[in-house]
Structures are given as C-alpha cells and as structure tokens.
Amino acid sequence: MTEAEASTIPFDHIAVLSREVIAGLEIQAGGHYLDATVGGGGHSSQILAAAPDVELTALDRDQWAIAAAQAHLPPRVQFWRGNFADYQPGATQFDGIVADLGVSSPQFDQGSRGFSFQQDAPLDMRMDQSQDLTAGAIINHQSERDLVRIFSQYGEERFSKRIARRIVEQRPLQTTLDLVAVIMQAVPPGARHGRIHPATRVFQALRIAVNGELESLERFLNRAPHWLKPGGKIAIISFHSLEDRIVKYAFRESELLQIITKKPLIAQPDEQRENRRSRSAKLRLAQRVSRLE
C-alpha cells in the first residue's frame, strides 16, 4: 500500500479505555504528550481536547494509520513513522505517554493485510509494510521446530506440534484461508468448535513473530520512562496475557517508575457492550518518580 493509497482508505477505529487513559494521565494545560501508537488518532484527539494548548507527538509503524491520523488531527501535531522502540526524542521530555498495543480493528478489517483468519488474503501480517519478513515467509521457510516454538511461545497453542507438522507436510501455503484449512485438519475434532476459533492462537503468534512485537515492547518499556518528566505518567493498554505480563514486570522493575494501578483497569460494562474489542483490554499506569530513591 502506497502513502497515496493509504490516505484514501478510511481508518475507523474506536479507542479503548479512553476515559480511563485521560483520567489516569491527568492531562495538563500546555503539556506535551506522546501517543506511541497513534492508530486512527482516537486517544490523541481526546488528549488534545482534555486541556488547552496541549502539544502532541504521534508515532506509528503503519503508514495507513499515520495518513489517517494526519487527516483529522490538527497541523500542530508532530508525526514520526516507525517502531516505537526505535524512537529518539532527543532532549524532549513528555508529561505523559500512551501506547495501545496490538492490531487495530481497521487493520483486522482490511482483508488484504492478512491479519484476519476470516478473510482470504496473502499471508502478510506486517504492520510496517516496508519490512521484508511476512507471515508467508515464516510459514513456508521456517523449520518445523521453529514453527512449534513460535506457536507455543507467542500463541500458547497447545496443539503446536500437530499444527507445525501438518504445515510442513502441506506447504507452500499462499493465503490465510490455506493456513486456516491446515490448522483445522491438524487439531483434534473435539477442539474445532470451542470458545475461540482454532486459528486464533496461531494467527496471534504469527503476527507477533512477524512484527517482533514482544521484543519491541520490552525495548520500548526500558526506554520510555527516561522520556518522561518527573511526575509524568505512562499508560499502556494490552490485549493478551503475554503483553500484560511484560508491562507488569517492566513497571515493577523500573527504578524510574512508581506503579499507579496495582491491578490493571478494564473497560466498564457500557464500553464492553458498545465495543467488543474493549473486553480483552487491560490498562496499567505508572508515574515517573522525581528522583531515584
């Protein structure tokens, strides 16, 4: 997808836990905030509206998200495209940072991106479409042992060995539905009609592996506390246990942060009714200490 194409496709995304994020960050008039995963700009819009004269820097790996956010956020917003773990703020320090992890609803809904197992598409799954590694490259070229590791580690998939073996037997696989068919063949009949679709964990694992999501998150959480002003707050929204565990321990182990939320905040019932994606969201907040104790 070119930048011109990206700017013409709607990026309709509802920001989750936005009330809790805005309240937790305690937006200050004239403050400078970092949205490390701007997406469609939902959290950014609410940060800008929460107090007068707010400055905002917005990051995202996805050129489609950047184009969508630029289209409706004010010109004063500063944009940077890339992995949030690679961002270099220089001497700038922020009054608050927010990161909404994982894949946004529009990325799932844009079938050609290959994130969804419900639409037929190339095995892509890249958040940054300029990178070379795709889900297809992993599926068709990684060893059976490596596939088992990816599905087990990143998807917590209990049938990893069966699925990896069947993939190796039937590859090359070209599309998402090719992969779904192989997964359905590999899992036992009794596991094909459970609470979640049998392909859910494998697709999650592939997406995480393609985008280096957990490694990037660890690097970001190691660096981001240094970007905060003393007293500044950081808000991280995660959507599965692997992410939440990393955030929990990074906050706990940081000498620069004091934990605000001992347990993660979850969406209120009204939000869960209106936005299904919010049901799995967890928000953790921490504050930069004034000095090392």
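Conventions we followed
Residues numbered from 1 in each chain as written. Predicted model: local features only at pLDDT ≥ 70, side-chain atom pairs only at ≥ 80, totals over all residues. Heavy atoms only, no water. Helix = DSSP H or I, 4+ residues; strand = E, 2+ residues; numbered from the N terminus. Rg over C-alpha atoms; globule rule 2.2 N^0.38 Å. Contact = heavy atoms within 4.5 Å. Areas by Shrake-Rupley, 256 points an atom, 1.4 Å probe, with all protein chains shown as cover. Lys, Arg positive; Asp, Glu negative; His and termini not counted. Charge placed at Lys NZ, Arg CZ, Asp CG, Glu CD. Buried < 20%, exposed > 50% of the residue type's maximum accessible area, 1.4 Å probe, protein only. Polar contact = N/O pair within 3.5 Å; in protein donor to acceptor, adjacent residues only side chain to side chain. Axes fitted to C-alpha atoms, helices over the stretch in contact; angles between N-to-C directions. Parallel < 35°, antiparallel > 145°, perpendicular 65-115°, else oblique. Nonpolar A, V, L, I, M, F, W, Y, C, P; charged D, E, K, R; others polar. Phe/Tyr/Trp six-rings, centres within 6.5 Å; stacked < 30°, edge-to-face > 60°. Lys NZ or Arg CZ within 6 Å of the ring centre and 35° of its normal. 1 Å grid on protein atoms, 1.4 Å probe; cavity = no way out; pocket = protein on both sides within 12 Å on 5 of 7 lines; lining within 4 Å. Points joined across faces, edges and corners; volume = space filled by probe spheres on them.

> Residues and numbers for the overall build of the protein, please.
Counting secondary structure elements, the protein contains 13 helices and seven strands. Relative to a compact globule of 293 residues, whose C-alpha radius of gyration would be 19 Å, the protein shows 20 Å and is just as compact. Projecting the C-alpha coordinates of the protein onto the three principal axes gives extents of approximately 60 × 45 × 40 Å. The contacts of the protein with a sequence gap of at least 6 include a subset with a gap of at least 24, amounting to 68%. Surface summary for the protein: the accessible area is close to 13800 Å², and the carbon and sulfur share equals 47%. Within the protein, the 35 negative side-chain charges are centred at a point lying 8 Å from the centre of the 35 positive side-chain charges.

> Lay out unusual backbone geometry in plain terms, naming residues and giving numbers.
Most of the time, phi is negative for any residue but glycine, and the peptide bond is trans. With an omega of 15°, the peptide bond between R171 and P172 qualifies as cis. Relative to the helices and strands, P172 resides in the loop between α8 (160-170) and α9 (176-186). Its identity is not glycine, yet E26 carries a phi of approximately 50°, on the positive side. Its place among the elements puts E26 in the loop between α2 (18-25) and β1 (32-35). Here E26 falls in the partly exposed class, since its relative accessible area comes to 44%. A positive phi is found at M125, a non-glycine position, where the angle reads about 70°. Counting through the fold element by element, M125 comes out in the loop between α5 (105-109) and α6 (135-141).

> Just give me the short version of the side chain of D95, but keep the residues and values in it.
When you line up the elements, D95 lands in strand β4 (residues 94-100). Judged by its relative accessible area of 18%, D95 is buried. A polar contact is formed between the side chain of D95 and the side chain of K229, at a distance of 3.1 Å. If sequence neighbours within four positions are ignored, D95 has contacts with G31, H32, Y33, L228, K229, G232 and K233.

> Account for the packing of helix α7 (residues 144-155) against helix α10 (residues 200-211), with residues named and values stated.
Interhelical geometry of α7 versus α10 gives an angle of 100° and a closest axis separation of 8 Å. Our classification of the angle between α7 and α10 gives roughly perpendicular. Here I150, F151, Y154 and G155 of α7 lie close against α10, whose contacting residues are R201, V202, Q204, A205, L206, I208 and A209. The residue inventory of the contact of α7 with α10, partitioned by class, reads eight nonpolar, two polar and one charged.

> How would you sum up the packing of aromatic side chains? Please name residues and give values.
Working definition: an aromatic ring pair is given by the centre-to-centre distance plus the angle between the planes. Counted by the stated rule, this structure contains five aromatic pairs. With 4.2 Å between their ring centres and 5° between their planes, F84 and F220 make a pair best called stacked. Separated by 136 residues along the polypeptide, F84 in the loop between β3 (78-81) and β4 and F220 in helix α11 (residues 213-223) bring together distant segments of the chain. Exposure class is identical for F84 and F220. Each is buried. Members of the aromatic cluster, joined through ring pairs, are W80, F84, Y87, F220 and W227. Here the basic side chain of R277 rests over the ring of F239, its NZ or CZ set 4.1 Å away from the ring centre.

> Could you give me a rundown of the layout of surface pockets, with the residues and numbers involved?
Reported here for the second largest pocket is a volume of approximately 210 Å³. In terms of lining, the second largest pocket is formed by 13 residues, of which the most central are R158, F159, A191, I196 and R201.

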